[in-house]
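What the coordinates show
Chain by chain, the residues run as shown.
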Amino acid sequence: MTLAIPPYMSIVDNAENKTKTLSVSNADNKAQREMWGTVRAYLQNHILGVSEGHTAILRLVGVGYRATIEPTALTKQPTYPGQKFVSLKVGYSHPIELGLPEGVTASTPQPTRILLEGVEKEVVMQFAAEIRAWRKPEPYKGKGIFVNDETIKLKAKKIK
């Protein structure tokens, strides 16, 4: 896990406070100020990921919606040794099999919940978005795959 810092940024170490500060060479330059906050947020996510880890909880809401973690897949080949697969049954005629990215672990505490854990927040949330894309929450019945604390406002039926 690496993060490339632009050449106009520097990390200053303060020994007496035991803190590190991110600074830019020219605070008047708009592009440098914009990247200042972005790089700081990326650094914070990397530090938090290494110390605590990032998680995403997916809820499968719908009749018959289930998820399992499988060591092998019927339709896909593993991209790295020991890769596991998430198998989704979400109303299609066949199960959907998605390979876990490297560095992400998945578990199913309940058949309708998937817990994704990993060090890199970007990878964990991107994989959660790929799973969610198979059944986005719909506003009429409230069915779909919800990520973390996502909610939707239900709409009324269309009356002629």
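Residues numbered from 1 in each chain as written. Predicted model: local features only at pLDDT ≥ 70, side-chain atom pairs only at ≥ 80, totals over all residues. Heavy atoms only, no water.

**Digging into the sheet that holds strand S7 (residues 104-107)**
- Strand order in the open sheet formed by 4 strands is S7-S8-S3-S9, and the pairing between neighbours is antiparallel. Of all the strands in the sheet, the pair left with one neighbour each is S7 and strand S9 (144-147). Sheet twist, expressed as the average angle between the axes of neighbouring strands with direction ignored, equals 20°.
- Note: strand S3 (residues 54-61) against strand S8 (residues 113-118), 6 bridges, orientation antiparallel. Counted as the bridge partner of Arg59 is Arg113 from S8.
- Strands in contact with helix H2 (residues 121-132) are S3, S7, S8 and S9; relative to S3, the strand with the most contacts, it is inclined by about 10°. (Pairing = 2+ DSSP bridges. Helix = DSSP H or I, 4+ residues; strand = E, 2+ residues; numbered from the N terminus. Axes fitted to C-alpha atoms, helices over the stretch in contact; angles between N-to-C directions. Contact = heavy atoms within 4.5 Å.)

**Concerning the sheet that holds strand S5 (residues 85-89)**
- Spatial ordering of the open sheet is given by S4-S5-S6, a layout of 3 strands whose pairing is antiparallel. Each end of this open sheet is capped by a strand with a single partner; those strands are strand S4 (66-70) and strand S6 (96-99). Across the sheet, the mean angle from the axis of one strand to that of its neighbour is 25°, orientation sign disregarded.
- As paired strands, S5 and S6 are joined by 4 bridges and run antiparallel to one another. Bridging across to S6, Leu88 finds its partner in Ile96.

**Considerations on the domain arrangement of the protein**
- As assigned here, the protein comprises domain 1 (9-52) and domain 2 (54-147).
- Just the C-alpha atoms count here: the centres of domain 1 and domain 2 sit 33 Å apart.
- Carbon and sulfur atoms supply 54% of the area buried between domain 1 and domain 2, which totals about 380 Å² over both sides.
- Of all residues in domain 1, Tyr42, Asn45 and Gly49 bury the most surface against domain 2, accounting for 68% of the area lost on that side. (Domains from an automatic or database assignment. Buried area = accessible area lost by both parts, 1.4 Å probe.)

**So, the nonpolar core**
- If you look at the biggest cluster of nonpolar residues, it comprises 22 residues, and the most contacted ones within it are Leu58, Leu60, Leu88, Leu100, Ile114, Leu116 and Ile131.
- Listing elements by their share of this core, those giving two or more residues are S3, S5, S6, S7, S8, H2 and S9.
- Residue contributions to this core peak at 4 residues, all from H2.
- When near neighbours in sequence (up to four residues on either side) are disregarded, Ile131 contacts Leu58, Leu88, Leu98, Ile114, Leu116 and Ile145. (Core = buried A, V, L, I, M, F, W, Y, C linked by side-chain atoms within 4.5 Å. Buried < 20%, exposed > 50% of the residue type's maximum accessible area, 1.4 Å probe, protein only.)

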